[in-house]
Amino acid sequence: MTKHLLAAALLLATLSPAAAQYKPTRPVMEFVVHNGPGSGNDVFARRLIQVIEQEKLMPVRMQVANKVGGGSTTASSYMTEKTGDPNVIAVFVNIWLVDPLVQRKRRRSFST
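Below is a summary of the structure that appears in this document. (Residues numbered from 1 in each chain as written. Predicted model: local features only at pLDDT ≥ 70, side-chain atom pairs only at ≥ 80, totals over all residues. Heavy atoms only, no water.)

**A few points about helix α3 (residues 40-54)**
- Between its terminal C-alpha atoms α3 stretches 21 Å, which fits the 21 Å expected from 15 residues at 1.5 Å a residue.
- Every buried residue of α3 is accounted for by N41, D42, A45, R47, L48, I49, V51 and I52.
- Phi turns positive, to about 55 degrees, at K56, one or two residues after α3. (Helix = DSSP H or I, 4+ residues; strand = E, 2+ residues; numbered from the N terminus. Expected span 1.5 Å × (residues − 1). Buried < 20%, exposed > 50% of the residue type's maximum accessible area, 1.4 Å probe, protein only.)

**A few points about the pairing of strand β1 (residues 28-33)**
- Of all six residues making up β1, five are buried, and the element is well covered by its neighbours.
- Sheet analysis places β1 next to strand β2 (residues 61-66), joined by six bridges and oriented parallel. Following the sheet pairing, F31 is matched in β2 by V64.
- A crossover connection joins β1 to the parallel β2 through α3; in handedness this β-α-β unit is right-handed.
- Inspection of the sheet shows β1 paired to strand β3 (residues 88-90) by three bridges, in the parallel sense. Following the sheet pairing, E30 is matched in β3 by V88. (Pairing = 2+ DSSP bridges. Right-handed = clockwise from strand over helix to strand, strands pointing away.)

**Points about the sheet that holds β1**
- Taking strand neighbours across the sheet as the criterion, the three strands line up as β2-β1-β3 in an open arrangement whose pairing is parallel. Unpaired on one side and paired on the other, β2 and β3 mark the two borders of the sheet. Neighbouring strand axes in the sheet, compared pairwise and without regard to direction, differ in orientation by 30 degrees on average.
- Most of the contacts of α3 go to β2, to which it runs at about 175 degrees, and overall it touches β1 and β2. (Axes fitted to C-alpha atoms, helices over the stretch in contact; angles between N-to-C directions. Contact = heavy atoms within 4.5 Å.)

**So, helix α4 (residues 73-81)**
- What α4 keeps buried is the set A75, S76, Y78 and M79. Each buried residue of α4 sits inside an arc of 155 degrees when the element is viewed along its axis, so together they form one side. More than 90 degrees from the buried face of α4, the exposed residues found are T80 and E81. (Arc of directions from axis to C-beta.)

**Quick notes on the pattern of salt bridges**
- In this structure the tally under the stated criterion is two salt bridges.
- Measuring nitrogen to oxygen at the nearest pair gives 3.4 Å for the salt bridge that ties R26 to D85. Here D85 lies in the loop between α4 and β3 and R26 lies in the loop between α2 (17-20) and β1, a separation of 59 residues in the sequence.
- On the basis of relative accessible area, R26 is assigned to the partly exposed category, the value being 34%. (Salt bridge = Lys/Arg side-chain N within 4 Å of Asp/Glu carboxyl O.)

Function cannot be inferred from these measures alone, as they are strictly geometric.
Rendered as structure tokens:
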């Protein structure tokens, strides 16, 4: 539990002053995860939500939105569609950076 509280504290410490003035526009906030239920990222997101709710750090309910498929492409595409929506956040992992680069390289190698 201490590790989870530390992770939540680190997350909150990195938020900008503008985030402190955050006012949600909907009663539910989406927490996007690129893996299915029960995966490591899903468990981490659900535990983080639990800590946020216990500590009353967010004025709205949060729920996990599993966007599975294409490595992380489905989730990253979904997040691109939601650009500017303050009610959608994601568990960001390195695959979101690496996967598009690998796919681009793979497409080039097949086309030559």
